[in-house]
Amino acid sequence: MSNQRKPILPLLLEKKPVELVKPAKHTSCDETLSLSTLDNDLFNEVMYATIYVFKANQKNLNDPVSLLRKALSELLVHYYPLSGKLMRSESSGKLQLVYLGEGVPFEVATSTLDLSSLNYIENLDDQVALRLVPDIEIDYESNVSYHPLALQVTKFACGGFTIGTALTHAVCDGYGVAQIIHALTELAAGKTEPSVKPVWLRERLVGKIDNKPGKVPGSHIDGLLATSPYLPTTDVVTEIINIPAGDIKRLKDSLMRECEYLKESFTTYEVLSSYVWKLRSRALKLNPDGITVLGVAVGIRHVLDPPLPKGYYGNAYIDVYVELTVKELEESSIFNIASRVKKAKKTAYEKGYIEEELTNTERLMRDDVMFEGISDGLFFLTDWRNIGWFGSMDFGWNEPVNLRPLTQRESTVHVGMVLKPSKLDPSMEGGVKVIMKLPRDAMVEFKREMAAMDKLYFGDTN
């Protein structure tokens, strides 16, 4: 396993004024669209940024900015809600998308640097990388409307470029983001319409409301959650950890030897989440008698009856949790932890669990309550590998060689991400990269613990 350092490099950009790109054809006007219960989850009102990195193609003389501007205009004919604005209903307090045909903010920037000097954004500091995406700072406390989508294309001296997107989680999940960006690049490649037609249907995931009080997630262990001497802090750093396919196989094989008589098998996510959760707990020096929680987002598109249509791009996942005291986590084997993760994931496929989650989310919105206790011991590890981030994005510059997700929320210290590796290193084929945010001192501990675990499982003597 290897860690990527992110030096703060100079990245001066010359930006043109922001323009609003409108749908290429007339679409419905003065329409207000309701969002689903999952869309309205308080934790989903956050803008996520993603940078797609494209190498230069000397054989292609087209201007990517012109192609993408035109493609965006065509995209908004099919995805017209994205050219509206999000705001809260005065009566219900819920988010709604008001369509007035205003358009999507589109920004163009240029840099005198070559992408290779930035290692194709792979190890760029987060705050510097944010210059490659539209401004995503929003005052969520006010009821000022805001655009759900914004794009920035940044051209580099080498001929390569990046597409930076800012998309609100309240309108789409990771699967939906992938669907939208693929549609954009399909249209930029010359197609007349997206291969996957968008479907709204947010009413499919609206919970039934009752008179019961909302159950705040984590409230049953409020005051019992583990604490870290490193938190809270604003001194947070990011590390990208590359895990080759061979290391993943050896870790899985070691678990298979433990459970040979059970004939149990584990997914890469189940193994890595157990591994990373344990090391994060150690790195943060969580108190042993405190409770630590692993949150897992499980997609439910295929388990609903009937399943959601392929073009549905709203939020369609349910969170499940694994709770252990820090001491239990430390004393448990990776096999035991992975077994708990597998069991928790299965609960998300139960009809009763999904219905209760939807109903309880409605209760929490009605009561305007959420967990506000100490959250040092909470950790969400999200898996972005299988939602179509790569593939079908070639519109004249081949597939993107790298992808970099970003967010500005302080809560990201509690979130890790598992992604496919960049295409810059052929030796990482079949491997993964894990993006972690931790307090600076805790990150030093995390890397030390990872090196020790490497020796235990992989015989790494470096």
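Residues numbered from 1 in each chain as written. Predicted model: local features only at pLDDT ≥ 70, side-chain atom pairs only at ≥ 80, totals over all residues. Heavy atoms only, no water.

In the nomenclature of an unreviewed UniProt entry, the chain is known as Transferase of Arabidopsis suecica.

### Structural notes on the nonpolar core
Core analysis: the largest hydrophobic core is formed by 57 residues, its most contacted members being Leu205, Leu255, Trp277, Leu294, Met436 and Phe446. With 8 residues, the single largest contributor to this core is helix H5 (residues 268-283). Formed by 52 residues, the second largest nonpolar core is a distinct cluster that contains Phe54, Val108, Leu403 and Leu419. (Core = buried A, V, L, I, M, F, W, Y, C linked by side-chain atoms within 4.5 Å. Buried < 20%, exposed > 50% of the residue type's maximum accessible area, 1.4 Å probe, protein only. Helix = DSSP H or I, 4+ residues; strand = E, 2+ residues; numbered from the N terminus.)

### Brief notes about helix H3 (residues 174-188)
End to end, H3 covers 21 Å across 15 residues, agreeing with the expected 21 Å (1.5 Å per residue, within 8%). The element H3 is extensively covered by neighbouring structure, given that 13 of its 15 residues are classed as buried. In this structure Asp173 caps H3, since a side-chain oxygen of it lies 3.2 Å from the backbone nitrogen of Tyr175. (Expected span 1.5 Å × (residues − 1). Polar contact = N/O pair within 3.5 Å; in protein donor to acceptor, adjacent residues only side chain to side chain.)

### What about a nonpolar patch on the surface?
Residues Leu42, Phe43 and Met370 make up a contiguous nonpolar surface patch of about 270 Å² in total accessible area. Inspection of the secondary structure assignment puts Leu42 in the loop between strand E4 (31-34) and strand E5 (47-54). Leu42 gets classed as partly exposed once you look at its relative accessible area, which sits at 30%. (Patch = residues over 30% accessible without salt bridge, like charges linked within 9 Å, V, L, I, M, F, W, Y side chains within 5 Å. Areas by Shrake-Rupley, 256 points an atom, 1.4 Å probe, with all protein chains shown as cover. Salt bridge = Lys/Arg side-chain N within 4 Å of Asp/Glu carboxyl O.)

### Here's the deal with the sheet that holds strand E7 (residues 95-99)
Sheet architecture is open: 3 strands sit in the order E4-E7-E6, paired in antiparallel fashion. Strand pairing shows two members of the sheet lacking a second neighbour, E4 and strand E6 (85-88), which therefore form its edges. The average angle at which neighbouring strand axes cross in this sheet is 35°, direction not considered. Bridging between E4 and E7 involves 4 bridges; their strand directions are antiparallel. Of the residues in E7, the one forming a bridge with Leu33 is Leu97. (Pairing = 2+ DSSP bridges. Axes fitted to C-alpha atoms, helices over the stretch in contact; angles between N-to-C directions.)

### Some details on the environment of Ile374
Along the chain, the position of Ile374 falls in the loop between helix H8 (351-367) and strand E14 (378-383). With residues near it in sequence (within four places) discarded, Ile374 still touches Leu225, Ala226 and Thr227. (Contact = heavy atoms within 4.5 Å.)

### A word on helix H4 (residues 245-258)
Taking 1.5 Å of rise per residue, 14 residues should cover 20 Å, and H4 covers 20 Å from first to last C-alpha, within 8% of that figure. Considered for burial, the residues of H4 that qualify are Asp247, Ile248, Leu251, Ser254 and Leu255. Summarising the axial view, the buried residues of H4 lie within an arc of 125°, below the 170-degree limit, and thus occupy one face. Facing away from the buried side of H4, by more than 90 degrees, are the exposed residues Lys249 and Arg257. (Arc of directions from axis to C-beta.)

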